[in-house]
Every structure is written in structure tokens, then in C-alpha cells.
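Coordinate analysis (summary)
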Amino acid sequence: MTEDRRAGEKRPETQVRIGQGPRNRREVAVKALWIGVWLVFLSSPIHDLTSGNHTTGGTVAGALGLTAFVVSYLTLVFRNMGKPFTPRVVVSLLAVMLVLAPLLNYTLGEAWTGLFVYVSVACGATLPLRAAFWAIPATAVVMFVVERHNGVSGWDETLLLVVLIGFAMVGVGQLVRTTIELRKARATVAHLAANEERLRLARDLHDLLGHSLSLITLKSELAGRMLPDHPDKAAQQVADIEQVSRQALVDVREAVTGYRRPRLGAELAGTQVALTAAGVSADVPADPDLDDVPEEAESALAWALREAVTNVVRHSGADRCLVQLTHRQTLDGPVLELCVEDNGSGGAGGVPGNGLTGLTERLEKAGGSLEAGRVKHGFRLVARVPTARSRDVGSGA
């Protein structure tokens, strides 16, 4: 888990994104497999076509109708998992399925009843909520009527399946839509937060530099007027200008340093999001107690956490990561200990990279220490910084 791993080595995605189209061949294959599993209900129509129960013309017509039905279903459902079609296209494809399902079932027999399951799934997955609530029961009613024509007089479990699986797909559709809305909301919040940060930086710089620059301008004008007749007073004004300029430079550096200093609470929240997005099972403390942790020490731990999580996501190949944050009492006094452990392959040869070397120097500057290396089932990074007291604040265990 070091920075000197090979540059193009990236951890592959391990989960399909909900509500978004596939980005590569692997995601296309996963989604196609997920949809293709449900084609099991086509076994009866296919067996009916190949059993020789129909004339040649009937077999050809049935095969063509079944092909058109399956193509419409796969096109509609597969596309709806990414970027949905327009309402007109959705209605057109559903119309093809709604015509073919009863027609094939009516003309070719009871073996084609399973087509209504796909009609129900398509209605639940693609139609708006109110329309789906009407379309799914209507599909079941049409199926009931056709079955009666085919001589089915008893209770058919497929009828219940059509209703249940249709409304189940309504729930899945709602989940997908909610996920998309949450993703958009998160992007909006991030954009607003960035804008607010820029505005705050602009306000702070204005407050820091407005007075100083005004004073420098005023004293420069005074020095210019005093220079011919009162060089001593002009020199004093120039000395004041230098002092104000130096102080303004210090203020700006402190402001910029404060903006660049990460906070451990924010890094923990970002860790949960980053690991989850990378398909890593994350166990992260939710509400750490940082009241008695010096700001410089907290910043050093935040940098350590950021570096560790970056290595887990980009280089380790892990699928589980445990983050623990614990107050401990040592011989040197109370410390706050950060432990990041994953089940990945660890560093290349155990040689620390530039990232870990920089973290060691940063932690030592804050009075802390860093330990990193392979363990039995992965890689562990432990960073410690001094605090004012000792108390267990919880862990990801």
C-alpha cells in the first residue's frame, strides 16, 4: 500500500451503479446477466415451439412473435436501467408487448402464459407510479381472460406472480429513481459548498487585506507629500508601510493555511463515501470525540487517514477496510490512535513510499508517530498523536 506501486494499477469496480448506465463491458455483462436470468419463463414457449405441436406456419409465426416480444422487453428494461427512453418510445414498446402476449397466448396455447410476467415487469419498471398501479392489475385481468379461453378453470399461481412481481418492480423503480435524485442532490450540495467556501475565502481576504491596503495607500500618499521637505517623517511612513505589509502577508498565509488544513471529522465522512463508492466494505467511526485534540494533531491524523484510504482504494485490492479511532494512555502520556486496516495485498516489498515518508514527518512535527506494514491478512497503518486525556471513543470494530 505504498505510493511507489506501478502507476496504472487501479482497483477494479466491484459493484454496478444503481440508476446509471454501464460504463464498460464488464458492467454491460453484469446488467445483461441480471436481466437474462429472468428469461427462465421463456422455457415453456420455446419448448412448445420445438415440440412439433403446431404447423410450420404457426411455428414460424410464433418464433417471430416471440423474438419481437423478447427484443422489445430487453430493449425497454435494459435501457431503463441507465438513461430511460422518452415516454413515447416506452409506450410504443409496451404496446408491442401488450399486443403480442395475449395474441400468442390466445393462438398458441397455455404454454405461453409466462409472457404476461414480462409485461408486468416492464410496466412496473418503466411506467410512472400511478400508471403502473393500473397497468399491472389490467395485465393480470387480460391473462385471466385468455386462460379461461384456453380452458384453464382452476387457480393459476402465475396470476398471483404477475401481480406480485409487477409491484415488486414498482418498488425497484422507486429505489432507482430515489438513488438518482440523491446522487443529484449530493452533487448540488457539493457545488453549493464549494461556492460557499469561495465566498467565505473572498470575505476573509477582503477583511484581512482591505484595512491593510487602505492603510498602505494612505501612508504612501503621506510619504509622497513629506518626501521633499520632511525626509525623516517620510522615512517613518515608509517603515510603517513595511510593517503593515509584513503583517498583511502573515495574515494571508495564516488564512490560506487554515483553509488547507483538513479536519478529521470531515475526512471520516469522506472515507465512508470513498470506500463505499469503491466497493469496499467500510467500518468507520461515526462520531469521534476530538474535544481535547490539538488542531495541529487533528490535522496530521486527517492527512494520515486521507493517505491510507487513498492507498486502500487505488492500490490494495481490498474488499474490507476497518477504521478505528481510540484514546489511549501510554508511557509518554495520552494519545489519540488512528488505525486503518484492510485485507488487501499490502505494500510492494514493504518499502515505504513518498506518501508514508511525508506522513511520518508530518506526524513527528505534531509530536506523534506512524507505524505501517503488512499483517497476517492484509495491511495496517497506525498513526498516533498526543492529546490531553485518555478515553476510548469507539472504533469500527
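**Let's talk about the side chain of Thr271**
The residue Thr271 is located in helix 9 (residues 264–277) in this model. If sequence neighbours within four positions are ignored, Thr271 has contacts with Val284, Leu305, Val309 and Val323.

**Observations regarding helix 6 (residues 129–149)**
The end-to-end C-alpha distance of helix 6 is 31 Å, a good match for the 30 Å that 21 residues give at a rise of 1.5 Å each. For helix 6, the set of buried residues is Ala132, Ala135, Ile136, Thr139, Ala140, Met143, Val146 and Glu147. Along the long axis of helix 6, the arc covered by the buried residues comes to 135 degrees, so they all point the same way. Pointing more than 90 degrees away from the buried face of helix 6 are the exposed residues Arg130, Trp134, Val141 and Val145. Two residues or fewer past helix 6, Gly151 is found with a positive phi of approximately 90 degrees.

**Quick notes on the packing of helix 5 (residues 115–126) against helix 6**
Two quantities define a packed helix pair, namely the angle between the helix axes and the distance between the axes. Two elements in contact, helix 5 and helix 6, have axes separated by 9 Å at closest approach and are oriented at 170 degrees. Considering their axes alone, helix 5 and helix 6 lie roughly antiparallel with respect to each other. Contact residues: helix 5 offers Phe116, Val119, Ser120, Cys123 and Gly124, while helix 6 offers Ala132, Ala135, Ile136, Thr139, Val142, Met143 and Val146. Classifying every residue of the contact of helix 5 with helix 6 by side-chain character gives nine nonpolar, three polar and no charged.

**A short note on the confidence of the model for the chain**
With 82% of its residues at a pLDDT of 70 or more, the chain has an overall mean of 78. Note that residues 1–16 has pLDDT below 50 and, in this model, 53 contacts with residues that lie over four places away or in other chains. Counting contacts from residues 348–352, a segment whose pLDDT is below 50, to residues more than four positions away or on other chains yields eight contacts.

**Structural notes on the pattern of salt bridges**
Applying the stated rule across the entire model yields seven salt bridges. Across the pair Glu267 and Arg306 runs a salt bridge, and its minimum N-O distance is 2.5 Å. Pair noted here: Glu267 is in helix 9 and Arg306 is in helix 10 (residues 295–316), with a separation of 39 residues, a long-range link. Note on Glu267: relative accessible area 14%, which makes it buried. A relative accessible area of 34% places Arg306 in the partly exposed class. Taken together, the shared-partner salt bridges in this structure form one network comprising Arg328, Glu337, Glu371 and Arg384.

**Some remarks on the sheet that holds strand 5 (residues 378–386)**
Read from one edge of the open sheet, five strands run 1-2-3-5-4, paired in mixed fashion. Both outer strands of the open sheet, strand 1 (281–283) and strand 4 (369–375), are each paired with one neighbouring strand and no more. Each neighbouring strand pair of the sheet contributes to a mean axis angle of 15 degrees, computed without reference to strand direction. Examined bridge by bridge, strand 4 and strand 5 share seven bridges and lie antiparallel to one another. Paired with Glu371 across the bridge in strand 5 is Val382. Here helix 10 sits on the sheet in contact with strand 2 (320–330), strand 3 (333–342) and strand 5, set at roughly 10 degrees to strand 3.

**Digging into a nonpolar patch on the surface**
A surface patch of nonpolar side chains, amounting to about 370 Å² of accessible area, comprises Leu129, Phe133 and Trp134. Here Leu129 lies in helix 6. With a relative accessible area of 35%, Leu129 lands in the partly exposed category.

**Notes on the environment of Ser43**
Within the secondary structure layout, Ser43 lies in helix 2 (residues 43–50). The sequence separation of Ser43 and Gly114 amounts to 71 residues, and the corresponding C-alpha distance is 9.0 Å.

**Description of the packing of aromatic side chains**
On inspection of all chains with the given rule, the structure shows three aromatic pairs. Look at Phe69 and Tyr118: their rings are 6.3 Å apart centre to centre, the planes differ by 80 degrees, and that puts the pair in the edge-to-face class. Taken together, the positions of Phe69 in helix 3 (residues 56–80) and Tyr118 in helix 5 put the pair 49 residues apart, joining distant regions of the chain. In terms of burial, Phe69 and Tyr118 fall into one category: buried. With 5.5 Å between their ring centres and 35 degrees between their planes, Phe133 and Phe167 make a pair best called tilted. Of this pair, Phe133 sits in helix 6 while Phe167 sits in helix 7 (residues 157–226), and the two are 34 residues apart along the sequence. Directly above the ring of Trp303 sits Arg306, whose terminal nitrogen or CZ lies 4.7 Å from the centroid.

**Some thoughts on the pairing of strand 5**
Two elements, strand 3 and strand 5, share eight bridges in a ladder whose sense is antiparallel. Across the sheet, Asp342 pairs through a bridge with Phe379, a residue of strand 5.

**Regarding the nonpolar core**
Core analysis: the biggest nonpolar cluster contains 36 residues, and Phe69, Met97 and Leu115 have the highest contact counts within it. Once you skip the residues sitting within four places of it in the chain, Phe69 turns out to touch Met97, Leu100, Ala101, Leu115, Tyr118 and Val119. Counting 31 residues, the second largest nonpolar core, distinct from the first, contains Leu268, Val284, Val309 and Leu325.

**Topic: the side chain of Glu298**
Positionally, Glu298 belongs in helix 10. If sequence neighbours within four positions are ignored, Glu298 has contacts with Arg263, Leu264, Gly265, Leu290 and Val293.

Cut-offs and rules
- Residues numbered from 1 in each chain as written.
- Predicted model: local features only at pLDDT ≥ 70, side-chain atom pairs only at ≥ 80, totals over all residues.
- Heavy atoms only, no water.
- Helix = DSSP H or I, 4+ residues; strand = E, 2+ residues; numbered from the N terminus.
- Contact = heavy atoms within 4.5 Å.
- Expected span 1.5 Å × (residues − 1).
- Buried < 20%, exposed > 50% of the residue type's maximum accessible area, 1.4 Å probe, protein only.
- Arc of directions from axis to C-beta.
- Axes fitted to C-alpha atoms, helices over the stretch in contact; angles between N-to-C directions.
- Parallel < 35°, antiparallel > 145°, perpendicular 65-115°, else oblique.
- Nonpolar A, V, L, I, M, F, W, Y, C, P; charged D, E, K, R; others polar.
- pLDDT = per-residue confidence, 0-100.
- Salt bridge = Lys/Arg side-chain N within 4 Å of Asp/Glu carboxyl O.
- Pairing = 2+ DSSP bridges.
- Patch = residues over 30% accessible without salt bridge, like charges linked within 9 Å, V, L, I, M, F, W, Y side chains within 5 Å.
- Areas by Shrake-Rupley, 256 points an atom, 1.4 Å probe, with all protein chains shown as cover.
- Phe/Tyr/Trp six-rings, centres within 6.5 Å; stacked < 30°, edge-to-face > 60°.
- Lys NZ or Arg CZ within 6 Å of the ring centre and 35° of its normal.
- Core = buried A, V, L, I, M, F, W, Y, C linked by side-chain atoms within 4.5 Å.

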